[in-house]
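Residue-level structural notes
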Amino acid sequence: MQRLALAFGLMATAISAPGLAAENIHLSIDASKPGPKIDRNIFGQFAENLGHGLYEGIWVGPDSSIPNTRGIRNDVVAALRDLKVPNVRWPGGCFADQYHWRKGIGPRDKRPATVNSAWGDVIDTNAFGTDEFMDFIQQIDSTPYVSVNVGSGTPQEAAEWLEYMTAAAPTALAKERAENGHPEPYKVGFLGIGNESWDCGGAMTPDYYVSLMKVFSRFVLNMNPAQREKGQMLKIAVGPSTPDTEWTEAVMKAWKKHTWAWDINGVSLHWYTVPNGWPPSTKSEGFGLDDYTKSLKSTLFMDEFLRKHEAVMDKYDPEKKVTISVDEWGAWHAPLSGSNPAFLVQQNSIRDAVLASLNLNIFARHADRVRMANIAQMINVLQAMILTDKEKFVLTPTYYVFKMYVPFQDATSIPVAFDAGVYTQGSVTLPRTDAIAARSADGKLWLEITNLDAENPATIEAAVNGMAAKSARAETLTGAAVDSINTFDAPNAVVPKPATIKIQNGRLSLTVEPRSVTVVSIEP
Ligand code: AHR
């Protein structure tokens, strides 16, 4: 059976099982039919004040023996710079609705200690506050996505925080910022109006939240005239984390009737890979094929989840002015044995890399509405880029996926028609492969191929139309087993390697490894 999937679509038709010779996968790329831009903000990150995400992961303090710049780890900054991180969401998550920014500014030895009651009731020294976050953002060359406290804060508190961060004129708060060493206003690219307000953010009803959303949108302003212009600071409203569309309906219905007094630019959606339901129980190390396939299946639901919410948004906003920001996504596994369960510590395997690529490909296929996404979370928490333990540091398989996808940032999506094949393992049936393509500003074509099949390689035949494809190079990421990980002692078990690719008369052929993520660059 050889039916081709429609542009940007995915179809499963062939059968693959261990020991069986699987059919080749045929891709047809049409560079003459460009689609929407893949917004670089879909490669955003999330750094909550949770466990060792900020403290130890980023902040070690200026007196630490770990090499740092003004208290921020140099190894972490260097690694993140290579990812060209477009934006970082901070300070939460659930923590955001308990955060009072004033406790985190001024001389660090005078800051009050507080309790992080969102995550394990640990003492928070508040050493990593607004100015430290902005320093981190500048060191990694990113853009801040600041979530203000709607749950236990007031519009006044949030408005004053924005004034502290963005006022250029010599207001009292701008002067205070200058006294704290930062005369220049910070640029705030994104403003989150609360977080999960239906649950940890205050257990609100949709209508109650919508009223607060309008008030916060009206009064929490960027005070820098240069940043006030349209599109300079996008306001993201809370959305749901289930396929139920009641909340999205309420937010979008209100938006449809918005006046000059308030506006929102995006709705946040959260979707985690939690194959067995809550609490998360999949292991992050030492697991087998069943956990692998169930995790990929759960990940692929992201597509349906987005479609459901997009249908509601299309009804109120057919011009797609309000975007989707999937500002929490990723695999949420059981806490690592011996760790504080409130710190959400987990290992990161080639399975997580494969499911990261599936999510990123889904976002790319929804590029007309999904303009931002933030993997949860950046360092030491959930599906992290980096794991640290005091001076030790390791890059995870997921880190390498983000690095391989850098060329897709702001690239123009290009349709790929393909027959995905079928991969069946036990009771779980999945597409055997996935793929996206895009063209970057320098004219290169980029093709990503994910082989979901844990045991069999896939031979790919790709025809490039609408562009003279002269040369091609490929890089692939895989591991020896579905649970292969990088550790402090063996950091290079799962790292990208060059792959063999042939090109003849505009046709590419390559064989991708089992459980792998491959990125091909094609030069005209
Ligand atoms: O990422 C961990 C938590 O998951 C966030 O704080 C919260 O928003 C979500 O429930």
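Rules and cut-offs
- Residues numbered from 1 in each chain as written.
- Predicted model: local features only at pLDDT ≥ 70, side-chain atom pairs only at ≥ 80, totals over all residues.
- Heavy atoms only, no water.
- Helix = DSSP H or I, 4+ residues; strand = E, 2+ residues; numbered from the N terminus.
- Rg over C-alpha atoms; globule rule 2.2 N^0.38 Å.
- Buried < 20%, exposed > 50% of the residue type's maximum accessible area, 1.4 Å probe, protein only.
- Contact = heavy atoms within 4.5 Å.
- Areas by Shrake-Rupley, 256 points an atom, 1.4 Å probe, with all protein chains shown as cover.
- Pairing = 2+ DSSP bridges.
- Salt bridge = Lys/Arg side-chain N within 4 Å of Asp/Glu carboxyl O.
- Near = heavy atom within 4 Å.
- Polar contact = N/O pair within 3.5 Å; in protein donor to acceptor, adjacent residues only side chain to side chain.
- Nonpolar A, V, L, I, M, F, W, Y, C, P; charged D, E, K, R; others polar.
- 1 Å grid on protein atoms, 1.4 Å probe; cavity = no way out; pocket = protein on both sides within 12 Å on 5 of 7 lines; lining within 4 Å.
- Points joined across faces, edges and corners; volume = space filled by probe spheres on them.
- Lys, Arg positive; Asp, Glu negative; His and termini not counted.
- Axes fitted to C-alpha atoms, helices over the stretch in contact; angles between N-to-C directions.
- Left-handed = near helix turned anticlockwise from the far one by under 90°.

Let us now look at the overall build of the chain. Secondary structure summary: the chain contains 10 helices and 28 strands in total. Since a compact globule built from 524 residues should have a radius of gyration of about 24 Å, the 23 Å found for the chain is in line with a globular shape. Taken along the three principal axes of its C-alpha coordinates, the chain extends 70 × 55 × 40 Å. Of all 524 residues assigned to the chain, the portion counted as buried reaches 59%. Nonlocal contacts in the chain, meaning residues at least 24 apart in sequence, comprise 77% of its contacts between residues at least 6 apart. Carbon together with sulfur atoms contributes 53% to the accessible area of the chain, which is approximately 20100 Å² in total.

In terms of strand pairing, strand β2 (residues 25–30) meets strand β23 (residues 458–465) through 6 bridges, oriented parallel. Residue pairing across strands places Ile 29 opposite Val 464, the latter belonging to β23. Alignment of β2 against strand β18 (residues 416–418), held across 3 bridges, turns out to be antiparallel. Within β18, the residue paired with Leu 27 across the bridge is Phe 418.

With that settled, consider the pattern of salt bridges. Applying the stated criterion across every chain yields a total of 21 salt bridges. The residue Arg 89 makes a salt bridge to Asp 327 at a minimum N-O spacing of 3.7 Å. Highlighted residues: Arg 89 in strand β6 (residues 88–90) and Asp 327 in strand β13 (residues 323–331), separated in sequence by 238 residues. On the accessibility criterion, Arg 89 (1% relative accessible area) is buried. One salt bridge connects Glu 523 with Lys 444, and the closest N-O pair in it is separated by 3.8 Å. Here Lys 444 lies in the loop between β21 (433–439) and β22 (445–451) and Glu 523 lies in strand β28 (residues 516–523), a separation of 79 residues in the sequence. Taken together, the shared-partner salt bridges in this structure form one network comprising Asp 314, Asp 317, Lys 320, Asp 368 and Arg 369.

With that settled, the discussion passes to the site of the ligand. Around the ligand, a shell composed of Phe 46, Glu 48, Gly 93, Cys 94, Trp 119, Asn 195, Glu 196, Tyr 272, Glu 328, Trp 332, Gln 377 and Leu 382 is seen. Between the ligand and Cys 94, the relevant distance is 2.9 Å, taken from an oxygen atom to a main-chain nitrogen or oxygen of the residue. Notes on the ligand: free accessible area 280 Å², of which the protein chains cover 94%. Partitioned by chemical class, the residues of the shell around the ligand number 6 nonpolar, 3 polar and 3 charged.

The next thing to look at is empty space enclosed by the protein. Counted under the stated rule, the structure contains 3 cavities of 30 Å³ or more. Taken as a whole, the second largest cavity spans an internal volume of roughly 50 Å³. Lining the second largest cavity, in full, are Arg 89, Tyr 145, Gly 192, Gly 194, Asn 195, Glu 196, Trp 198, Val 238, Gly 239, Ser 268, His 270 and Asp 327. For the lining of the second largest cavity, the per-class residue count stands at 3 nonpolar, 6 polar and 3 charged.

Next up on the list: the side chain of Glu 163. Counting through the fold element by element, Glu 163 comes out in helix α3 (residues 155–166). The side chain of Glu 163 is buried and forms no salt bridge, while Arg 177, the nearest opposite charge, is found at 8.2 Å. Only 2.8 Å separates the side chain of Glu 163 from the side chain of Thr 171, close enough to count as a polar contact.

Remark: helix α9 (residues 350–365) packs on helix α10 (residues 397–404), axes separated minimally by 7 Å, with the N-to-C direction vectors making an angle of 35°. Viewed along their axes, α9 and α10 form a crossing whose handedness is right-handed. Mapping the contact onto sequence places Ile 350, Asp 352, Ala 353, Ala 356, Ser 357 and Leu 360 in α9 and Pro 397, Thr 398, Val 401 and Phe 402 in α10. Looking at the contact of α9 with α10, its residues break down into 7 nonpolar, 2 polar and 1 charged.

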